[in-house]
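# Close look at the chain arrangement
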Amino acid sequence: MTFGRFVPVRSVGDRLVAFDDAGPDFADALRQVLDFYDVPWREQGGDVLVTTQLLADLDTCWNYTTKATDAAWLETHPAA
Amino acid sequence: MHRQRQADHPGAGAPPAARAAEEVRPGLDSAAAVLALQASAGNQAVARAVRTLARDRGTPESGSQATPDAGAPATDAGSTSDDPEQTRVDAIVKKYRDMIAAARADGKNVAADNLQHWLDGKGGVRKIDVKWLRGFGCVTDAEDTNKGRFETSLNKQANGASHGDKKTFTDHWDRMFTASTRDELYYASGTSTLTSKGTFELSVIENEVTIGGTVLQHWHDPYDWHAGLSAYIPGFGSISDADALLVEKLRGAKPFEMEADWTQSLSGLIKVGKLWNTKTFTWSGP
């Protein structure tokens, strides 16, 4: 498996677009989301790395981004 | 909505509708050709071809001039002004009306109704028939994607459960998808999103986890247009959404939301094993 840096993905109209604008708390929240779904990740210099297979799946990255920025979801879905 | 946004996806290339427009463009001057195009390619292709044709005829690009009848209801009246912009909008609106008629003649009533709703400036929310919507494979594929996501999570929940446990699991997933250019949904909507919200009850007896729950399926898509978005048509260059936005600006056409809602149920049994789990999931509902 090869890994690459996770970049937040958001919907813009009908498109899913990667925005390299993660805030300071995003990495912690993303790790919680990934752990909740048993998604493998690594860390490098403060960046969260995920498989390139996941990075190619913009739809799933969009869902993970949404959840990592949803305080209510994070509160009710703690990592095991 | 709008298919040509796909052209802005990295590597997406020209959208199918744009290609269809290019293929039929030479005959578009006749009503028969419009009907033929509608039959073979659908509304979007007609729209793109109409826009391309308008550009080729040297009509001015839109949007820069304010006009006194901004906000007025859309009309297909013939040209009543010497203002080139008004004349152009008259032509665009008439073509939209032709497209609506052609779509209805071809049985594509939802696509026609959507375009009519937008052109009439009704706004608001338009409910789309669930049976019609679910008749398209891309919609049920989106359902299946989200169902699979729930099933994966439920299996994980089962792995972490203990004898006697009873718990509720909730989650939600979005699936964005684009209809096939062969389907009316492509011309009625294009790209849309299915949001699935699931609530499940798990009860555990020894190594068996019994699951029951429901998923609220909410399909949604704004029927709108966006400045700056475009499709590349080989030989014609970039085609923008400016024409539709001009009709909104000058004739009161108005974006609206499309929605559909339905509920599906899940019953399942997961037998947690030492090496793997045996899973049975049964979905019911529309």
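Residues numbered from 1 in each chain as written. Chains lettered and ligands numbered in written order. Predicted model: local features only at pLDDT ≥ 70, side-chain atom pairs only at ≥ 80, totals over all residues. Heavy atoms only, no water.

## Quick word on the pairing of strand β4 (residues 208–223) of chain B
Residue and element names in this part refer to chain B. Pairing analysis gives 13 bridges linking strand β3 (residues 191–205) to β4, with the strands arranged antiparallel. From the neighbouring strand, Leu202 faces β4, where its bridge partner is Ile211. In this antiparallel pair of consecutive strands, β3 and β4, the connection spans two residues, and Glu206 shows a positive phi of 50°. Bridging between β4 and strand β7 (residues 256–271) involves 16 bridges; their strand directions are antiparallel. Bridge pairing in β7 places Leu216 opposite Thr263. (Pairing = 2+ DSSP bridges. Helix = DSSP H or I, 4+ residues; strand = E, 2+ residues; numbered from the N terminus.)

## A look at the nonpolar core
Ranked by size, the top nonpolar core spans 38 residues in total, and within it Tyr96(B), Trp118(B), Leu185(B), Trp219(B) and Val247(B) carry the most contacts. Elements with a contribution of two residues or more to this core: α4 (84–105), α5 (109–119), α7 (137–159), α8 (184–188), β4, α9 (242–251) and β7 of chain B. If one sorts the elements of this core by residue count, α4(B) sits on top with seven residues. Core analysis: the next-biggest nonpolar cluster, separate from the first, contains 37 residues, Phe6(A), Phe26(A), Leu154(B) and Met176(B) among them. (Core = buried A, V, L, I, M, F, W, Y, C linked by side-chain atoms within 4.5 Å. Buried < 20%, exposed > 50% of the residue type's maximum accessible area, 1.4 Å probe, protein only.)

## Examining the interface of chain A and chain B
Contact residues are listed per partner, giving 19 residues for chain A and 22 residues for chain B. Carbon and sulfur atoms supply 51% of the area buried between chain A and chain B, which totals about 1,700 Å² over both sides. It is Asp14(A), Arg15(A) and Asp59(A) in chain A that bury the most area against chain B; as a group they hold 37% of the surface buried on that side. Taken together, chain A and chain B are joined by four salt bridges. For Arg149(B), the salt bridge goes to Asp59(A), with nearest N and O atoms at 2.8 Å. Secondary structure elements with two or more residues in the side of chain A that touches chain B: β3 (15–18), α1 (26–36) and α3 (58–68) of chain A. Examining the composition of the side of chain A that touches chain B, we find that six residues originate from one element, α3(A), more than from any other. Its residues assigned to classes, the side of chain A that touches chain B comprises seven nonpolar, five polar and seven charged. (Contact = heavy atoms within 4.5 Å. Buried area = accessible area lost by both parts, 1.4 Å probe. Salt bridge = Lys/Arg side-chain N within 4 Å of Asp/Glu carboxyl O. Nonpolar A, V, L, I, M, F, W, Y, C, P; charged D, E, K, R; others polar.)

Functional significance is not addressed by these values, which are geometric in nature.
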